[in-house]
Amino acid sequence: QVQLVESGGGSVQAGGSLRLSCAASGFIFSIQPMDWYRQAPGKQRELVARITSGGATTYTGAVKGRFTISRDNAKNTMYLQMSSLRPEDTAVYYCHCSRVRTSFDYWGQGTQVTVSS
């Protein structure tokens, strides 16, 4: 079965860095676009970054220039390098994958990122 397992969250001070990982299994990772989402307390879940199977990336404006999404197909793992962290980046970060017009839609359990000022 499909599994997405995030790791790497934690507590940092503003200006610090963290690297999140998402270990994937149960599907052919190399051909699957992957996403990072986040959900802050009291807010809707939002898309943070996306990476295609070919490595093309897109970011939400709030993280552009500070976050980098990447993938290692040999390790079936996706990453989110987060730098210059701000208190407003505090959220639970989720790994996600889906395919349009199918029931293939999976989420990881989430990893907490807390940024203090």
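Scroll up for the structure.
To start, this report covers the structure provided alongside it. Values in this document were obtained by computation on a predicted structure and should not be read as measured data. Throughout, residues of each chain are indexed from 1 in the direction in which the sequence is written. Thresholds applied to this predicted model are a pLDDT of at least 70 for local features of residues and 80 or more for the giving and counting of side-chain atom pairs; totals over whole chains, interfaces and linings are not thresholded and use all residues. For the side-chain quantities, the full set of heavy atoms in the structure was used; hydrogens and water were omitted.

1. A look at the overall build of the chain
Logical step 1: Secondary structure is summarised from DSSP: a helix means a run of H or I of at least four residues, a strand means a run of E of at least two, and numbering begins at the N terminus for each. Scanning the chain for helices and strands turns up zero helices and 11 strands.
Logical step 2: For the chain, the α and β elements follow one another from N to C terminus as β-β-β-β-β-β-β-β-β-β-β.
Logical step 3: Each radius of gyration is computed over the set of C-alpha atoms, and the globule rule expresses the reference value as 2.2 Å times the number of residues to the power 0.38. Taken over the C-alpha trace, the chain has a radius of gyration of 14 Å; the compact-globule value for 117 residues is 13 Å, and the two agree within 12%.
Logical step 4: In terms of overall dimensions, the chain has a C-alpha envelope of 40 × 25 × 25 Å along the principal axes.
Logical step 5: Each residue gets one of three labels from its accessible area relative to the maximum for its type: buried under 20%, exposed over 50%, partly exposed in between, using a 1.4 Å probe on protein chains only. Across the 117 residues in the chain, those meeting the buried criterion constitute 40%.

2. Focus on the sheet that holds strand 8 (residues 77–82)
Logical step 1: Read across the sheet, four strands follow the order 1-3-8-7 without closing on themselves; strand pairing throughout is antiparallel. Whereas interior strands pair on both sides, the edge strands pair on one side only; in this sheet they are strand 1 (3–7) and strand 7 (67–72). Shown here is a sheet whose adjacent strand axes are inclined to one another by a mean of 15°, direction ignored.
Logical step 2: Any two strands with at least two DSSP bridges between them are considered paired. As judged from the five bridges shared by strand 1 and strand 3 (residues 18–25), these two strands associate in the antiparallel manner. What sits directly across from Ser7, in strand 3, is Ser21. Simply put, an axis is a line fit to the C-alpha atoms, just over the touching stretch for a helix, and the angle between two N-to-C directions goes from 0 to 180 degrees.

3. Describing the environment of Arg66
Logical step 1: Along the chain, the position of Arg66 falls in the loop between strand 6 (57–59) and strand 7.
Logical step 2: Distance in space between the C-alpha atoms of Arg66 and Leu20 is 14 Å, their sequence separation being 46 residues.
Logical step 3: We call two residues in contact whenever any of their non-hydrogen atoms come within 4.5 Å of each other. Apart from the residues within four sequence positions on either side, Arg66 is in contact with Gln81, Met82, Ser83, Ser84, Leu85, Arg86 and Asp89.

4. A few points about the state of the cysteines
Logical step 1: Disulfides are defined in this document as cysteine sulfur pairs within 2.5 Å. All told, the structure shown has one disulfide when counted by the stated rule.
Logical step 2: Linked covalently through their sulfurs, Cys22 and Cys95 form a disulfide whose S-S length is 2.0 Å. Since a negative S-S torsion denotes a left-handed disulfide, the Cys22-Cys95 link at about -65° is left-handed. Residue Cys22 is found in strand 3, and its partner Cys95 is found in strand 9 (residues 91–98); the two are separated by 73 residues along the sequence.
Logical step 3: Exposure remark for Cys95: the relative accessible area of 0% places this residue in the buried category.
Logical step 4: Just so you know, Cys97 is unpaired, no disulfide at all, and the nearest cysteine sulfur is the one on Cys95, 6.6 Å from it.

5. Let's talk about the nonpolar core
Logical step 1: Remark: nonpolar core denotes a set of buried residues (Ala, Val, Leu, Ile, Met, Phe, Trp, Tyr, Cys) joined through side-chain atoms within 4.5 Å. Formed by 29 residues in total, the largest nonpolar core has its most connected members in Phe27, Met34, Trp36, Met78, Leu80, Met82 and Tyr93.
Logical step 2: Listing elements by their share of this core, those giving two or more residues are strand 3, strand 4 (34–39), strand 5 (46–51), strand 7, strand 8, strand 9 and strand 11 (111–116).
Logical step 3: Sequence-distant contacts of Tyr93, defined by excluding residues within four places in its chain, comprise Glu6, Leu20, Tyr37, Arg38, Val48, Phe67, Leu80, Met82, Gly110, Thr111 and Val113.

6. Brief notes about unusual backbone geometry
Logical step 1: A positive phi angle, close to 50°, is found at Asn76, a residue other than glycine.
Logical step 2: Residue position: Asn76 is located in the loop between strand 7 and strand 8.
Logical step 3: Since its relative accessible area comes to 28%, Asn76 is described here as partly exposed.
Logical step 4: In this structure, Arg101 is a non-glycine residue whose phi angle is positive, near 60°.
Logical step 5: As for its position among the elements, Arg101 is in the loop between strand 9 and strand 10 (105–107).

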